[in-house]
Amino acid sequence: MDLRSELLKSIWYAFTALDVEKSGKVSKSQLKVLSHNLYTVLCIPHDPAALEEHFRDDDDGPVSSQGYMPYLNKYILDKVVEGTFVKENVDELCWTLTAKKNYRPEGKSVLPGKDAFRLWCLFIFLSEDRYPLVMIPGEVEYLLKKLCMAMSVELNCVELEDFISQDSVQQNGFTVWAFLEMMNSGKLTRGIAKETISMAIEEVYREIVGDVLKEGYLWKKGQLRRNWTERWFTLRPSTLIYFTSEDRKDRKGNIQLDGNCCVEVLPDRDGKRCMFCLKTLPKTYELSASDTKQRQEWTTAIQTAIRLHVEGKTSLHKDLKLKRREQREQREKRREAKEQELQRLRALQEERERKMAELELLKEAQRQAQTLLEQDELRRRQQHEQLQQALEIQLKEAEEARASMQAEMALKEAEAERQRTRIKELEAMQQRLEEALQQEIKARQDEEAFRYAQARLLAEEEEKMKALMSLREEQEEYIQRAQREKQELKQEMESKSRSLDEAQRQLEEVRANRHRVDQDVVAAQRKLRQASTNVKHWNVQMNRLMHPIGPGEKRSSGGGSFSSFRIPSQKDPGLRLKQKSDEQDEESKENMESRGGCVSDKCLSTNGDMEIP
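Calculation criteria
- Residues numbered from 1 in each chain as written.
- Predicted model: local features only at pLDDT ≥ 70, side-chain atom pairs only at ≥ 80, totals over all residues.
- Heavy atoms only, no water.
- Helix = DSSP H or I, 4+ residues; strand = E, 2+ residues; numbered from the N terminus.
- Buried < 20%, exposed > 50% of the residue type's maximum accessible area, 1.4 Å probe, protein only.
- Contact = heavy atoms within 4.5 Å.
- Pairing = 2+ DSSP bridges.
- Axes fitted to C-alpha atoms, helices over the stretch in contact; angles between N-to-C directions.
- Phe/Tyr/Trp six-rings, centres within 6.5 Å; stacked < 30°, edge-to-face > 60°.
- Arc of directions from axis to C-beta.
- Salt bridge = Lys/Arg side-chain N within 4 Å of Asp/Glu carboxyl O.
- Core = buried A, V, L, I, M, F, W, Y, C linked by side-chain atoms within 4.5 Å.

**Q** How would you explain the overall build of the protein if you had to name every residue and give the values?
**A** Each helix and strand counted, the protein has 16 helices and nine strands in total. Going through the 613 residues of the protein one by one, you find that 37% of them count as buried. Contacts in the protein between residues far apart in sequence, at least 24 positions, make up 65% of those at least 6 positions apart.

This is the structure in structure tokens:
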């Protein structure tokens, strides 16, 4: 804290004291008086022209602190020279102005006016560098400990904690008037004499505000007569001054301290003990303390003063205040870091709990999916078994039909040899033809059933594909989330991979089943075409039987008609059923070709009829 900042703190109290209405503004006449007094105590030449020019009478209204600061900086503070004035006089001026308005101790005051002024100066020195000026509880405790140490008593921490626990103090810190009220209450200094309190306040005031590192009596050896004389020494960061007595009125000398100075302990001689010397470039000063403890304190204090001068610091307590502030900021940063870490840990814990809940939901969904897959697999197996049984029954029926057709062919050959039983054979042939038509109808119904099963399997395949794609998307999303998580989620990824492999295997099984059903459909179509060919063949045979060849006759190319046999017309149901079966055969053939199937040349001839050996 530089000299300008120290002066501004005192002047701020004087300015606020002149603000009677607490509006943040002061009348121009009062500011003129304040400026004139500041010129006087700061030993600056008066500039009435500048004062009158800045505060012209034609300006409207009072002046705020922002309006007064340019004049204060330009015409007063910029002209201040350190060492040409006594800062205590400036503080007394500002204290006089502010105490008249704000300092009104009630009842029997514990502190005299001089002690209250010194405490006010200590408060300004230790207050924070922001306005309005306050002192944090840590600095108040530090100041009270210094006072109690000067009085050789223990600090009453209970009373201090009770006062600090007030809401206004916790939110804003100590104001100087709250601090003086606490000191005037006498709770912290109960049972201590007023003289002791005043001496302690003066000692702490001189140490902190006056930059006095140490004071006390020492024996000094003269430079000319070489005799020992007792003097009162006052040590500051750059000088060691000695007086005739402790009233500090008759100053006898001033020793300038710099980086070339040093302190050495001397052995006892000339009847003096606890001796030490202070070496400077021009002279060496021999000194003697009252005891070893005092000698150690003085040598340490002088070394501290030399160190402060070398480091360019003018006040030990300013440096200590900055260090305490840095320590508080570091503690605050550590506290904030801990809070942030705790918040991060809480967030991680919440995230972990959320992940665990999601994992449980995923496990439950996986169990449900596994149950559904098992149910689908069981249903698929049952349907496959039913389909296999139906195919076996159809194969048996086809074998029986083949055997019956072979028997019928033998009978037809016998009927060709036996003309007498031709009508009966024709009637039997017609009956077999109707049975063949029934078989064709049944074969077409089977084909429809197979197509329905095929469509259902295709729908199941699409559902499985959708489930597989959904599982793959879930796996990708899970992998992306698992990359940001810890190693503990790897087991879940492996479980998902196994579920995906199981779904892939089930899909392959469904595809294989569909392929087998397609083959069954092809076989059923082949049987249907064979049945159609057999119908056509028996129609040709029946036409031949209806028109027998007589002796010396030739078979006509167009064929004849039998009198007892009716040629079916376009309106005949059997013919329509045959035509419908032929159209369905063509459609199934086209469907098989579109699916990549093929029709064997060994099964069909060029005109679509079965080859008869």
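**Q** Report on the sheet that holds strand β6 (residues 251-256), specifying residues and quantitative values.
**A** Across a sheet, paired strands are connected by hydrogen bonds in the backbone, their directions being either parallel or antiparallel. Spatially, the seven strands line up as an open sheet ordered β6-β5-β4-β3-β9-β8-β7, and their pairing is antiparallel. The sheet is open, and its two borders are formed by β6 and β7 (262-266), each paired with just one other strand. Strand after strand, the sheet turns through a mean of 35 degrees between neighbouring axes, direction not considered. Bridge count for strand β3 (residues 214-221) against strand β4 (residues 228-235) is eight bridges, and the pairing is antiparallel. Across the sheet, residue Y217 finds its bridge partner in β4, namely W232.

**Q** With reference to specific residues and values, describe the packing of aromatic side chains.
**A** The description of an aromatic ring pair uses the distance of the two centres, along with the angle that the planes make with each other. Summed over all chains, the structure comprises 13 aromatic pairs. Geometrically, the ring pair formed by W95 and W120 is tilted, given 5.6 Å between the ring centres and 45 degrees between the ring planes. Linking W95 in helix α5 (residues 87-102) with W120 in helix α6 (residues 113-126), this pair joins segments that are 25 residues apart in sequence. According to the relative accessible area criterion, W95 is buried, its value standing at 9%. Using a relative accessible area of 0% as the deciding quantity, one classes W120 as buried.

**Q** Pulling in residues and values, what's your account of the pairing of β4?
**A** When a strand is regular, its side chains alternate between the sheet's two faces. When you tally the buried positions in β4, you get six out of eight residues, the bulk of the element. In this antiparallel pair of consecutive strands, β3 and β4, the connection spans six residues, and R226 shows a positive phi of 60 degrees. Bridge analysis of β4 against strand β5 (residues 239-243) gives four bridges, and the strand direction is antiparallel. When the sheet's bridge partners are listed, T234 is paired in β5 with I241.

**Q** Residue-level account of helix α4 (residues 65-76), with values.
**A** Along α4, the residues classified as buried are Y68, Y71, L72, Y75 and I76. End-on view of α4: buried residues confined to an arc of 105 degrees, all on one side of the axis. The exposed set on the far side of α4, more than 90 degrees from its buried face, consists of Q66 and K74.

**Q** Which residues make up the pattern of salt bridges, and what are the values?
**A** For the structure shown, the criterion picks out 44 salt bridges. Across the pair E128 and R328 runs a salt bridge whose closest N-O atoms are separated by 3.3 Å. Highlighted residues: E128 in the loop between α6 and α7 (137-151) and R328 in helix α13 (residues 316-417), separated in sequence by 200 residues. As far as burial versus exposure is concerned, E128 and R328 are alike and both buried. Here K442 ties to E397 by a salt bridge, and the two come within 2.8 Å at their closest N and O atoms. On the criterion of sequence distance, the pair formed by K442 in helix α14 (residues 422-484) and E397 in helix α13 is long-range, its members being 45 residues apart. Each of E377, R380, R381, E502, R505 and E509 takes part in salt bridges that share partners, so that together they form one network.

**Q** Any chance you could break down the nonpolar core for me, citing the residues and the numbers?
**A** One finds L38, L42, L144 and F179 to be the most contacted residues of the largest nonpolar core, which totals 64 residues. Every element with two or more residues in this core is listed here: α1 (3-18), α2 (28-41), α4, α5, α6, α7, α10 (176-185) and α11 (194-208). If you look at the next biggest cluster of nonpolar residues, it comprises 23 residues, including V263, L278, Y285 and W298.

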